[in-house]
Amino acid sequence: MLRKPQTGDTSGTPSKPFAQVLEDNLLKLSNHAAKRLEQRGIELKTEQMKQIGSALDKAAAKGAKESLILMQDMAFIVNVKNRTVVTAMDSESMRDNVFTQIDSAVIIS
């Protein structure tokens, strides 16, 4: 007889901070991207991470591999397959910039 595991039982499962669980499921940040976010004073909120994750889903559905995601005054280059932000830019960093090695762009309004 198969039994459905109880959902409330967390014994033996190490607990993770909410932000880590969110990052594991939605989006990862490369070391380079994490440094750029810190250097440029960009702080991603949970809702923004969800929006980027949704944009990634759309890009993946179209077969994208490396995508530029534009959101408000920020830009992110994302590896779609690995769901990893490769780099991040603020509006100042985007000015006069050329984005290379991307095959798609998603604009979050």
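Conventions used here
Residues numbered from 1 in each chain as written. Predicted model: local features only at pLDDT ≥ 70, side-chain atom pairs only at ≥ 80, totals over all residues. Heavy atoms only, no water. Helix = DSSP H or I, 4+ residues; strand = E, 2+ residues; numbered from the N terminus. Contact = heavy atoms within 4.5 Å. Areas by Shrake-Rupley, 256 points an atom, 1.4 Å probe, with all protein chains shown as cover. Pairing = 2+ DSSP bridges. Polar contact = N/O pair within 3.5 Å; in protein donor to acceptor, adjacent residues only side chain to side chain. Buried < 20%, exposed > 50% of the residue type's maximum accessible area, 1.4 Å probe, protein only.

**As for the overall build of the chain**
Within the chain, the regular secondary structure consists of four helices and five strands. When its helices and strands are written in sequence order, the chain yields α-β-α-α-β-β-β-α-β. Restricting the contact set of the chain to residue pairs at least 6 apart, pairs at least 24 apart contribute 55%. Roughly 7800 Å² of accessible area belongs to the chain as shown, and the carbon and sulfur atoms make up 50% of that amount.

**A few points about the pairing of strand S2 (residues 66-71)**
Bridge analysis of S2 against strand S3 (residues 74-79) gives six bridges, and the strand direction is antiparallel. Note that in S3 the partner of Ser 67 across the bridge is Val 78. Between S2 and S3, which pair antiparallel one after the other, the connecting turn spans two residues, and Gln 72 there sits at a positive phi close to 55°. Relative to strand S5 (residues 104-108), S2 runs parallel, the two being bridged by five bridges. Paired with Leu 70 across the strands is Ile 107, a residue of S5.

**What to know about the side chain of Ser 104**
Structurally, Ser 104 can be placed in strand S5. For Ser 104, the side chain forms a polar contact with the side chain of Ser 67, separated by 3.0 Å. In contact with Ser 104, not counting residues within four places along its chain, are Ala 64, Glu 66, Ser 67 and Leu 68.

**What to know about the environment of Ser 91**
When you line up the elements, Ser 91 lands in helix H4 (residues 91-94). For the pair Ser 91 and Gln 72, spaced 19 residues apart in sequence, the C-alpha to C-alpha distance is 8.8 Å.

**What to know about the side chain of Ser 67**
By the secondary structure assignment, Ser 67 is in strand S2. Residue classification places Ser 67 among the buried positions, given a relative accessible area of 1%. Beyond its immediate chain neighbours, meaning those up to four positions away, Ser 67 contacts Ala 59, Phe 76, Ile 77, Val 78, Val 80, Ile 102, Ser 104, Ala 105 and Val 106.

Remember that the coordinates give geometry; whether it matters functionally is a separate question.
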